[in-house]
Amino acid sequence: YQEEPGLEELLDAENKILLLLNNELPGYFSNPIANVRQELVSIIQTNEGETIFLRLLTFLEGSFIAETTPNTSLYYSLGQLLGKMDKALTGQYYSAVAAKDFDWDLKLYQRNLRYVPDIKDPKQRKWAEYFYLQQKEVVDPLMPALRKSIIHGDANDWNLLVSDDKVTGLIDFGDMCYSPMINELAIALTYVMFGKEKPLEWAIPVITGYHEVMPLLPPEVDLLFYLIGTRLAVSVSKSAYTKTLKPDSDYITISEKPAWELLEKWVRMNPRRVSHEFRTALGMPPTIVDNT
């Protein structure tokens, strides 16, 4: 890591969180390894006057979810791990994490509005604008009442390790932030539903697994539809902007395809119906669905 303001404090916070999680949930997370001076972060001054921070983490075995064929028991175990992790992180607070200011923190979604004009297709641009507006009108007024916590913030297919149809590890805490706890689940669900013909059917085992160990509140469940829409809007906005910098990038084109496909499905769904299905799966009083 090259030096940047607050980086040392951030790495220190991340190491403390990893140590806490390894104590609470052994084997699921990388463990920081101390240097010969018993420091978890080594600080090196280069001849050019730069400061470089180095650290060593233990290696986790397993395949990535992206390389496996998904099934409901695998996704149930994903929900369980995320729930256990968020339960362990409840009450943890580090000012360096809370001070992070970056585009992928869902509570800072407005930072990505500047990229919306880079979405070339007018119809697709409207989809993204719709969810940014929904976030502003539906979610933001409820934000003060939501449970806040340090969250991993990026449980995607290439950060989750699998063995024998169970999620066995979670890596890369680089997007860790202090945000509404429900954002953890919303972000994970977005990736789970990529490329799925019937996305809700795949979301339910994750939500069920999570709820069993970290009970969700009905208002949080009701907001999942909107938060997933916002995450998709952020993702496609960022991709559109990045394409203006690297117009020939096959990687960006491939990675944004499932996001656009899910966004198109999501914009056509009835938020109350989604909430009704999620609540019913969790045994909560269901919302009344207007079928008109």
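Coordinates for the structure precede this section.
Read on for an overview of the structure. On a predicted model such as this, the values are computed, not experimentally measured, just so you know.

What follows is about unusual backbone geometry. We note that Asp-165 has phi near 60°; this positive angle belongs to a residue other than glycine. Residue position: Asp-165 is located in the loop between β7 (160-163) and β8 (166-170). A relative accessible area of 41% places Asp-165 in the partly exposed class. Here the phi dihedral of Asp-172 falls at roughly 65°; this positive angle occurs in a residue that is not glycine. When you line up the elements, Asp-172 lands in the loop between β8 and β9 (177-180). For Asp-172, a relative accessible area of 42% puts it in the partly exposed group.

It is worth spelling out the layout of surface pockets at this point. The volume enclosed by the largest pocket comes to roughly 700 Å³. For the largest pocket, the lining is made up of 21 residues, of which Asn-156, Tyr-191, Phe-194, Tyr-251 and Ser-255 are closest to its centre. When residues of the lining of the largest pocket are traced back to their parent elements, those giving at least two are α7 (218-245) and α8 (250-267). The residue makeup of the lining of the largest pocket, split by class, is nine nonpolar, six polar and six charged.

Time to look at the pattern of salt bridges. Evaluated as defined, the whole model comprises 14 salt bridges. As a salt-bridge pair, Arg-114 and Asp-103 come within 3.1 Å of each other at their nearest N and O atoms. Linking Arg-114 in the loop between α3 (95-98) and α4 (122-139) with Asp-103 in the loop between α3 and α4, this pair joins segments that are eleven residues apart in sequence. Among the residues examined, Arg-114 registers a relative accessible area of 49% and is labelled partly exposed. Among the residues examined, Asp-103 registers a relative accessible area of 7% and is labelled buried. Across the pair Lys-243 and Glu-256 runs a salt bridge whose closest N-O atoms are separated by 2.7 Å. You can see Lys-243 sitting in helix α7 and its partner Glu-256 sitting in helix α8, a full 13 residues away along the chain. Take Glu-256: its relative accessible area is 7%, and that puts it in the buried class. Each member of the salt-bridge network shares a partner with another, and the members are Asp-101, Asp-103, Arg-111, Arg-114 and Lys-238.

Quick notes on the rules
Residues numbered from 1 in each chain as written. Predicted model: local features only at pLDDT ≥ 70, side-chain atom pairs only at ≥ 80, totals over all residues. Heavy atoms only, no water. Helix = DSSP H or I, 4+ residues; strand = E, 2+ residues; numbered from the N terminus. Buried < 20%, exposed > 50% of the residue type's maximum accessible area, 1.4 Å probe, protein only. 1 Å grid on protein atoms, 1.4 Å probe; cavity = no way out; pocket = protein on both sides within 12 Å on 5 of 7 lines; lining within 4 Å. Points joined across faces, edges and corners; volume = space filled by probe spheres on them. Nonpolar A, V, L, I, M, F, W, Y, C, P; charged D, E, K, R; others polar. Salt bridge = Lys/Arg side-chain N within 4 Å of Asp/Glu carboxyl O.

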